[in-house]
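Here are the chains, one letter per residue:
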Amino acid sequence: MSMISDHMSGQPDASPSGDDARVYSGSVRDYLELFKPRVMSLVIFTALVGMVVAKGHLHPVIAAVSLGLIAVGAGASGALNMWWDQDIDARMSRTAKRPIPTGQVTGSEALSLGLSLSVASVVFLGLIANWFAAGFLAFTIFFYAVVYSMWLKRWTAQNIVIGGAAGAFPPMVAEAVVTGSVSWDSFILFLIIFMWTPPHFWALALSKSGDYEKAGVPMMPNVAGPDSTRTQILVYTLLLAPLGVVPFFMGLGGWTYAVVSVISGLLMIALAVQVYRRREGAAATKAEQALFGFSILYLFLLFATLLAEHAFGLGSGFDVGPRLVSGII
């Protein structure tokens with residue numbers, strides 16, 4: 001990730017100096033914004049599904065507390081991301097109103113809060129659930145805050161592809177909470193989120209490419225160009241749609257899931273085709289916004305259907321996953 005100011009040439013200054021030394025009057029809402037609530041809600045939701053589909057049993061209280069600690073870990077990594085990206089956030093219209101650029105919270109406060117909650121979430125998850133899950137959560141926080149935020153984001157146009165793994169780990173962490181290990185079940189949920197991230201985010205990046213260029217972030221539309229980005233969106237979507245049906249064949253999802261995943265996958269492909277075809281003007285912007293908006297609904301539908309089927313005992317699919325794996329091995 002290319003640095004864009006002398007102040008950020010090495011690492012953000014966490015010491016209270018200059019403006020950072022004055023007294024800040026951030027509200028509770030400002031501090032909560034550091035945790036990226038919308039990202040946290042996705043983490044909580046996908047982790048919950050990971051717990052529900054896991055082949056094991058867990059006391060409801062332990063499950064609820066563990067889910068909360070996973071959310072805290074996600075929020076802590078969000079605070080660390082905002083601390084590191086404070087220079088970028090100040091330059092982009094999409095992020096300029098975040099608590100640090102607006103001066104409601106200091107960088108050092110965000111750093112202290114992020115580090116404290118990171119350690120607390122990992123330690124308490126280890127004590128309450130198991131240390132494998134705690135270690136996985138620690139790795140997830142490290143991956144997002146260090147590998148993605150501090151390295152990939154300003155260094156390569158593949159930042160959102162590789163870095164997307166951080167947002168895809170929660171179902172695996174959740175399964176680790178229940179079983180003390182991970183399996184193909186949570187790994188396929190990881191893959192769905194991982195493959196979903198590029199078309200979801202690049203659809204937004206196409207319309208926000210000016211922001212990223214101004215901030216010096218090598219996002220795909222700025223590096224490879226909008227036409228190449230549209231092609232890659234289509235390719236990822238064509239891979240994502242059939243992948244979204246796989247839980248049915250692994251026995252994770254039932255016939256309701258099969259119908260929902262097929263129909264929503266076809267709609268994702270149709271919208272990606274529109275993004276590929278419409279390349280200029282208002283039509284292009286409308287297509288990009290439509291794909292971005294529906295991609296959120298797509299992921300929600302897949303995971304909500306899995307959750308509903310397991311909650312109400314609506315049955316499972318073919319469950320050929322173990323046979324396929326044993327055949328390959």
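Residues numbered from 1 in each chain as written. Predicted model: local features only at pLDDT ≥ 70, side-chain atom pairs only at ≥ 80, totals over all residues. Heavy atoms only, no water.

Asks: In this structure, what is going on with the side chain of D87? I would like to understand it.
Replies: Examined against the element boundaries, D87 turns out to sit in helix α4 (residues 86–91). Reaching out from D87, the side chain makes a polar contact with the side chain of R154 at a distance of 2.8 Å. (Helix = DSSP H or I, 4+ residues; strand = E, 2+ residues; numbered from the N terminus. Polar contact = N/O pair within 3.5 Å; in protein donor to acceptor, adjacent residues only side chain to side chain.)

Asks: Is there a simple way to think about the nonpolar core in this case?
Replies: Within soluble globular proteins, side chains that are nonpolar tend to cluster in buried spots. Of all hydrophobic cores here, the largest spans 92 residues; its most connected members are L34, M51, I70, I192, W202 and F303. Counting residues per element, this core draws most heavily on helix α9 (residues 184–207), at twelve residues. Excluding residues within four positions of it along the chain, W202 makes contact with A157, I160, V161, M219, M220, T229, Q232, I233 and Y236. (Core = buried A, V, L, I, M, F, W, Y, C linked by side-chain atoms within 4.5 Å. Buried < 20%, exposed > 50% of the residue type's maximum accessible area, 1.4 Å probe, protein only. Contact = heavy atoms within 4.5 Å.)

Asks: I tried to follow the side chain of T237 on my own but got confused; where do I start?
Replies: Here T237 shows up in helix α12 (residues 226–243). The contacts of T237, once residues within four sequence positions are left out, are P199, M268, I269 and A272.

Asks: Explanation requested: the packing of aromatic side chains in the structure shown.
Replies: Note on aromatic pairs: each is described by the distance of the centres and the angle between the planes. Applying the stated criterion across every chain yields a total of 17 aromatic pairs. Aromatic pair F187 and F190: ring centres 5.7 Å apart, planes at 15 degrees, arrangement stacked. Here the residue F187 and the residue F190 both occupy positions in helix α9, the gap between them amounting to three residues, near one helical turn. Each ring, one from W202 and one from Y236, has its centre 5.6 Å from the other, and the planes form 80 degrees; the classification is edge-to-face. Here the residue W202 occupies a position in helix α9, and Y236 occupies one in helix α12, the gap between them amounting to 34 residues. The positively charged end of R279 is found above the aromatic ring belonging to Y276, 4.5 Å away from the centroid. (Phe/Tyr/Trp six-rings, centres within 6.5 Å; stacked < 30°, edge-to-face > 60°. Lys NZ or Arg CZ within 6 Å of the ring centre and 35° of its normal.)

Asks: Just to check I follow, could you spell out the confidence of the model for the protein chain for this structure?
Replies: Detailed reading of the predicted coordinates is not advisable wherever pLDDT is low. On average, residues of the protein chain score 87 in pLDDT, and 88% of them are at 70 or above. Within the model, pLDDT remains below 50 along residues 1–23, and this stretch shows 47 contacts once partners closer than five positions in the same chain are excluded. Confidence over residues 319–329 falls short of pLDDT 50; this stretch has ten contacts with residues more than four positions distant or in other chains. (pLDDT = per-residue confidence, 0-100.)

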